[in-house]
Amino acid sequence: MKNTQLPTVELHSFAPAKPEYGAHCNGCGVCCALEPCPVAHVFLFQIKGKCRALLWQDDANRYVCGMVVCPDRYVRLIPHALRERSGRFFASRIAAGAGCDFAAELDDMPESTPSTASGTNRPCA
Ligand code: SF4
Ligand code: SF4
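Calculation notes
- Residues numbered from 1 in each chain as written.
- Chains lettered and ligands numbered in written order.
- Predicted model: local features only at pLDDT ≥ 70, side-chain atom pairs only at ≥ 80, totals over all residues.
- Core = buried A, V, L, I, M, F, W, Y, C linked by C-beta atoms within 7 Å.
- Buried ≥ 20, exposed ≤ 12 C-beta atoms within 10 Å, placed from the backbone.
- Helix = DSSP H or I, 4+ residues; strand = E, 2+ residues; numbered from the N terminus.
- Contact = placed C-beta atoms within 7 Å.
- Near = placed C-beta within 6 Å.
- Nonpolar A, V, L, I, M, F, W, Y, C, P; charged D, E, K, R; others polar.
- Arc of directions from axis to C-beta.
- Pairing = 2+ DSSP bridges.

Engineer: Hey, could you run me through the nonpolar core in this one?
Structural biologist: Within soluble globular proteins, side chains that are nonpolar tend to cluster in buried spots. Counting 22 residues, the largest nonpolar core has Cys 32, Ala 53, Leu 54 and Tyr 63 as its most contacted members. Of all the secondary structure elements, the ones that give two or more residues to this core are helix 1 (30–34), helix 2 (38–44), strand 1 (54–57), strand 2 (62–65) and helix 3 (66–69). Counting residues per element, this core draws most heavily on helix 1, which supplies 4 residues. Those residues in contact with Cys 32 that lie beyond four places of it in its chain are Cys 37, Cys 51, Leu 54 and Tyr 63.

Here is the structure:
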């Protein structure tokens, strides 16, 4: 029986396809579009829905974590001068560079509909 409780995934139309679990992260954005990670829970107070720090980068045609690239945009207590240092901290918290740690496949999610949803596309200033 079809599970109608699964969420719709909204992704940029140029987003790459999700790779295999454990493969190099290509910035497809699927994981963060489905649910916020612990960093978002603790620092963004977001526990469900598409993470508001999921950032599309036009020049790279991929998503990145806004908490790594420009955390001061999302957390007002972080001064601009500490952007890079804070970004390195958050990169370590989300295990950036460790490969895709999201096991679900889009085929497992019948309601998944890649779209031209813009998300948070404003580049970091
Ligand atoms: S904080 Fe970053 S890694 Fe975590 S869900 Fe949001 S965009 Fe993804
Ligand atoms: S961890 Fe996996 S699902 Fe998440 S953005 Fe990277 S490749 Fe996509």
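Engineer: Looking at this model, I keep getting lost on the site of ligand 2. Mind explaining?
Structural biologist: With respect to spatial proximity, the complete set of residues near ligand 2 consists of Lys 18, Pro 19, Cys 25, Asn 26, Gly 27, Cys 28, Gly 29, Val 30, Cys 31, Cys 100, Asp 101 and Phe 102. Among the residues making up the shell around ligand 2, the classes are represented as 7 nonpolar, 3 polar and 2 charged.

Engineer: Explanation requested: the site of ligand 1 in the structure shown.
Structural biologist: Near ligand 1, the surroundings consist of Cys 32, Pro 36, Cys 37, Val 39, Ala 40, Cys 51, Ala 53, Leu 54, Cys 65, Gly 66, Met 67 and Ile 94. When residues of the shell around ligand 1 are traced back to their parent elements, those giving at least two are helix 2 and helix 3. Considering only residue class, the shell around ligand 1 consists of 11 nonpolar, 1 polar and no charged.

Engineer: Help me out: how do you make sense of helix 5 (residues 83–93) in this one?
Structural biologist: Three or more residues of helix 5 are buried, namely Ser 86, Gly 87 and Phe 90. Each buried residue of helix 5 lies within a common arc of 105 degrees when the element is viewed along its axis, so the set occupies one face. Away from its buried face, by an angle of more than 90 degrees, helix 5 presents the exposed residues Arg 85 and Ser 92.

Engineer: Where do I start with the environment of Gly 29 in this structure?
Structural biologist: When you line up the elements, Gly 29 lands in the segment before helix 1. Residue Gly 29 is classed as buried on the basis of its C-beta count, with 25 C-beta atoms lying within 10 Å. Remark: the alpha-carbon pair of Gly 29 and Leu 54, spanning 25 residues in sequence, is separated by 7.3 Å.

Engineer: Mind showing me how you'd approach the environment of Val 69 here?
Structural biologist: Tracing the chain through its elements places Val 69 in helix 3. Under the C-beta neighbour-count criterion, Val 69 is labelled partly exposed, with 18 such atoms within 10 Å. In this structure, the C-alpha to C-alpha distance between Val 69 and Glu 84, residues 15 residues apart in sequence, is 7.5 Å.

Engineer: Can you walk me through the pairing of strand 1 in this structure?
Structural biologist: Successive residues of a regular strand alternate their side chains across the two faces of the sheet. Two elements, strand 1 and strand 2, share 4 bridges in a ladder whose sense is antiparallel. Looking across to strand 2, one finds that Trp 56 is bridged to Tyr 63. The antiparallel pairing of strand 1 with strand 2 creates a hairpin that spans 4 residues between the two strands, and Asn 61 there sits at a positive phi of about 55 degrees.

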